[in-house]
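# Chains, contacts and geometry: an overview
Spelled out from the first residue to the last, the chains are:
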Amino acid sequence: MSKIYPKRFNGGSCIEVADNLLSVVLVRDTKDRDGGTLHVDPTAWKAFVEYAKQH
């Protein structure tokens, strides 16, 4: 995973994001690494990040 983002409203929990792959962005909970990984289309991830920056 390439980045760790804090979730500010959930007691300091964080997510890890691997956005360095060509065909998928992977997202998982840093405290529950065996709990599964969300696979997101890179275009959708970029749109989500841009939306989050504006809100």
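In this report, we go over the structure that sits alongside the text. (Residues numbered from 1 in each chain as written. Predicted model: local features only at pLDDT ≥ 70, side-chain atom pairs only at ≥ 80, totals over all residues. Heavy atoms only, no water.)

### Points about the pairing of strand S3 (residues 25-29)
Alignment of strand S2 (residues 14-18) against S3, held across four bridges, turns out to be antiparallel. From the neighbouring strand, Val17 faces S3, where its bridge partner is Val27. The antiparallel pairing of S2 with S3 creates a hairpin that spans six residues between the two strands. Bridge count between S3 and strand S4 (residues 38-40): three bridges; the pairing is antiparallel. Within the sheet, the bridge partner assigned to Val27 lies in S4 and is Leu38. (Pairing = 2+ DSSP bridges. Helix = DSSP H or I, 4+ residues; strand = E, 2+ residues; numbered from the N terminus.)

### Quick word on the pattern of salt bridges
Summed over all chains, the structure comprises two salt bridges. Where Arg28 meets Glu16, a salt bridge forms, and the shortest distance between an N and an O atom there is 2.7 Å. Of this pair, Arg28 sits in strand S3 while Glu16 sits in strand S2, and the two are 12 residues apart along the sequence. Notably, a salt bridge pairs Glu50 with Lys53, separated by 3.5 Å at the nearest N-O pair. One end of the pair, Glu50, and the other, Lys53, are both in helix H1 (residues 42-54), three residues apart, so they sit about a helical turn from each other. (Salt bridge = Lys/Arg side-chain N within 4 Å of Asp/Glu carboxyl O.)

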